[in-house]
Structures are given as structure tokens and as C-alpha cells.
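Geometric and topological summary
Listed below, chain by chain, are the residues.
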Amino acid sequence: MTMSTLSDPRVIGHRGASGAAPENTLPAIALAADMGVAMVEFDVKLTRCGVPVLMHDDLVDRTTDGHGPAAGFDLAAFQALDAGRWFDDRFSGTRVPTLGETIELLVARDLDANVEIKPCPGRTAETARLVVEMLLRLWPADKRPPLLSSFEMEALATARDLAPDLPRALLFETLPPPAEMDRLTADLAPVAVHLWERPIDADVVAAVHGRGLALRAWTVNDPIRAVHLVRLGVDAVFSDFPDRILGALA
Ligand code: G3P
Ligand code: MG
């Protein structure tokens, strides 16, 4: 890796470097740092008792050796899960990290973060509140603030009310109609739109940039597509294989 590929802010490790290590785990985040990214994205939801932990799905089944809804596991039960062996035996014994443990790693590795608030059904405001409260408590004052995002506009509204100074990004599969974009931009005061990469074209880039917002695309694992999106004006891409994208954009 050459120095010119290090810390390119246009590349964000998706769920860490989740193509090469189990998603939303400390090894995946550490690996993204090893690959030279400046920022990682990860998904946060709550244990049954309200502790923010990193997990994407509402069920623990796909990414751990457990079964059932994540919202049914208390912290001890979460920490008894193996979150690595499903990916590769090399990662056996990897745990589901808490947000607190993750912040320690982000600080140690000098990584920026996009914290995606990913509530389990019926827990949207509670999840946003507990995630934001933990960030306000544990995030070092001298570190670049975490970027909050969510598909749930209610989560972003809760974050805006509790911590107006933490930057927010609207998360969508497709861009809402212009009137809805105007309403959400005025109401939630985001700094960016994080959009599924597939529908992005020049018109989408113009619609987002025209509102003064950055546009970041998820999830881009094809280096050719990444180069195309950046040429269109996309500001950054999320990738499971950030090393490949860093190499292509260098
Ligand atoms: O935050 C970008 C991206 O992670 C959103 O989709 O389902 O991978 O969390 P998902
Ligand atoms: Mg995500």
C-alpha cells in the first residue's frame, strides 16, 4: 500500500472491512484500519436491557451461533455468542462488541465513525436515545464527532433533539421525491445523504448536492463502479472491501 492510498476519505469500511472479517466486530474494524481507511460504518441496536451493541439484523442467527431476536438477548447472553465462526474458523471466539468497546478501538486506531442507528422493531426512539447518550458520555471531545445515520427518520429526530451538534445523514434506498427531500432537509438538518449505489446517476448527485448535502453510496464492492460513482461526483463510497476501492481510486 502506498502512502497515497492511506486515509482517502472517499472510502468507508462497511461494517468494518466486512468482506474479509466478520461484520460489525472489533476485528473487522481493526482490519479496516489496517487497510488504511479513515472511517468505518457499523450498525448499532440494543440488547434487551438497553446496551448498544453492534449488529445488523433483527435476528442474531446469520452472524452468530445463536438463534432468535436480538432484542431478546441481555448483555451477558450477547457476550456468550460467537460472532466470528460463521464467517471463518479463524475468527472463532469473536464477540459481539458493545458500542463502548468499539469507541475504545476507534480512539486507539484514530478512526472516524459513521454510527448507523439500526433499531429493532418498536425500539426506534429508545435506541437513538441510548446510542446518543453513550456517544455523548464516551466520545472524546478532541476526536472528530461521530456521524449518525439511520433509515428511521424518527431516530434522526431523536438524535437532533438530544445532540443537535452531532452530524446526521439521511439513509435511503432511493431518494424521496423533491418535496419530501425538502421537508426532511429542513426538519432534520442533515449534512449528507447515504444512498444505495444502484439508483445513483447524475440527476441524483445534482439533487443531493443542490441541497448542500454530501452524497455517499452503499455498498460498492466493484472498483470500476466505485470509480464511476466518484467521477459522477459521489463524495464517498461504503465498501466491504475498502482495500480494493482504495487501490482503484489511488
Ligand atoms: O449505512 C450504509 C449501509 O450500511 C446501509 O445499509 O443494511 O448495510 O445497514 P445496511
Ligand atoms: Mg449499515
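The name an unreviewed UniProt entry gives the protein chain is Glycerophosphodiester phosphodiesterase, with Tistrella bauzanensis as the organism.

Taken together, the protein ligands of the magnesium ion (ligand 2) are Glu-41 (OE), Asp-43 (OD) and Glu-116 (OE), with distances of 2.0 to 2.1 Å. For the magnesium ion (ligand 2), all donor residues lie on one chain, and their spacing in sequence is E-x1-D-x72-E. With Glu-41 in strand 2 (residues 39-46) and Glu-116 in strand 4 (residues 112-117), this residue pair connects regions lying 75 residues apart in the sequence. Neither Glu-41 nor Glu-116 differs from the other in exposure class; each is buried.

Remember that side chains alternate between the two faces of the sheet whenever the strand is regular. Of all the five residues making up strand 6 (residues 168-172), five are buried; the element is thus mostly covered by neighbouring parts of the structure. In terms of strand pairing, strand 5 (residues 147-150) meets strand 6 through three bridges, oriented parallel. Along strand 6, the bridge assignment pairs Leu-148 with Arg-168. Traced from strand 5 through helix 5 (residues 153-162) to strand 6, the parallel crossover comes out right-handed. As defined by bridge partners, strand 6 adjoins strand 7 (residues 192-196) across four bridges and the pair is classed as parallel.

Annotation from UniProt places "domain: GP-PDE" (unreviewed entry) at residues 9-249. Between the C-alpha atoms that bound residues 9-249 there is a distance of 11 Å. The span itself is 36% helix and 18% strand.

A few words now on the site of ligand 1. In the vicinity of ligand 1, the contacting residues are His-14, Arg-15, Glu-41, Asp-43, His-56, Glu-116, Lys-118, Phe-151, Leu-171 and Trp-218. Between ligand 1 and Asp-43, the relevant distance is 3.1 Å, taken from an oxygen atom to a side-chain nitrogen or oxygen of the residue. In isolation ligand 1 exposes 290 Å². Once the protein is present, 93% of that is buried.

So, about the pairing of strand 9 (residues 236-239). Along strand 9, one buried face is formed by Ala-236 and Phe-238 and the opposite face, lined by Val-237 and Ser-239, is buried too. Relative to strand 9, strand 1 (residues 11-14) runs parallel, the two being bridged by three bridges. Note on strand 9: the bridge partner recorded for Ile-12 is Phe-238. With two bridges joining them, strand 8 (residues 214-218) and strand 9 adopt parallel strand pairing. Considered in strand 9, the bridge of Ala-217 is made with Val-237. For the handedness criterion, the β-α-β arrangement of strand 8, helix 8 (residues 223-232) and strand 9 is classed as right-handed.

Let's shift gears to helix 8. Where helix 8 is concerned, the buried positions are Ala-226, Val-227, Leu-229 and Val-230. What you see down the axis of helix 8 is that its buried residues fit within an arc of 165 degrees, all on one side. Residues of helix 8 that are exposed and angled more than 90 degrees away from the buried face: Ile-224 and Arg-231. Elements that come into contact with the buried residues of helix 8 comprise strand 8, strand 9 and helix 9 (242-249). The backbone nitrogen of Ile-224 has a side-chain oxygen 2.9 Å away, supplied by the residue at the start of helix 8, namely Asp-222. Within two residues after helix 8, Gly-233 carries a phi angle of roughly 115 degrees, on the positive side.

Let us now look at empty space enclosed by the protein. Scanning all chains against the criterion turns up one cavity of 30 Å³ or more. Each pocket or cavity is described by its volume, and for the largest cavity that value is around 60 Å³. Glu-23, Asn-24, Thr-25, Leu-54, Met-55, His-56, Thr-63, Ala-83, Trp-86, Val-96 and Pro-97 together form the lining of the largest cavity. In the lining of the largest cavity, the residues fall into six nonpolar, four polar and one charged.

Time to look at the packing of helix 8 against helix 9. Close contact between helix 8 and helix 9 brings their axes to 9 Å; oriented N to C, the two are set at 55 degrees. As the angle between them shows, helix 8 and helix 9 are arranged oblique. Judged by the twist between their axes, the crossing of helix 8 over helix 9 is right-handed. Contacts between helix 8 and helix 9 involve Pro-223, Ala-226, Val-227 and Val-230 from the first element and Arg-244, Ile-245, Ala-248 and Leu-249 from the second.

The rules behind these values
- Residues numbered from 1 in each chain as written.
- Chains lettered and ligands numbered in written order.
- Predicted model: local features only at pLDDT ≥ 70, side-chain atom pairs only at ≥ 80, totals over all residues.
- Heavy atoms only, no water.
- Donors = N, O, S within 2.8 Å, 3.2 Å for Na, K, Ca; no water.
- Helix = DSSP H or I, 4+ residues; strand = E, 2+ residues; numbered from the N terminus.
- Buried < 20%, exposed > 50% of the residue type's maximum accessible area, 1.4 Å probe, protein only.
- Pairing = 2+ DSSP bridges.
- Right-handed = clockwise from strand over helix to strand, strands pointing away.
- UniProt positions renumbered as here; feature names shortened; annotations may be inferred.
- Near = heavy atom within 4 Å.
- Polar contact = N/O pair within 3.5 Å; in protein donor to acceptor, adjacent residues only side chain to side chain.
- Areas by Shrake-Rupley, 256 points an atom, 1.4 Å probe, with all protein chains shown as cover.
- Arc of directions from axis to C-beta.
- Contact = heavy atoms within 4.5 Å.
- 1 Å grid on protein atoms, 1.4 Å probe; cavity = no way out; pocket = protein on both sides within 12 Å on 5 of 7 lines; lining within 4 Å.
- Points joined across faces, edges and corners; volume = space filled by probe spheres on them.
- Nonpolar A, V, L, I, M, F, W, Y, C, P; charged D, E, K, R; others polar.
- Axes fitted to C-alpha atoms, helices over the stretch in contact; angles between N-to-C directions.
- Parallel < 35°, antiparallel > 145°, perpendicular 65-115°, else oblique.
- Left-handed = near helix turned anticlockwise from the far one by under 90°.

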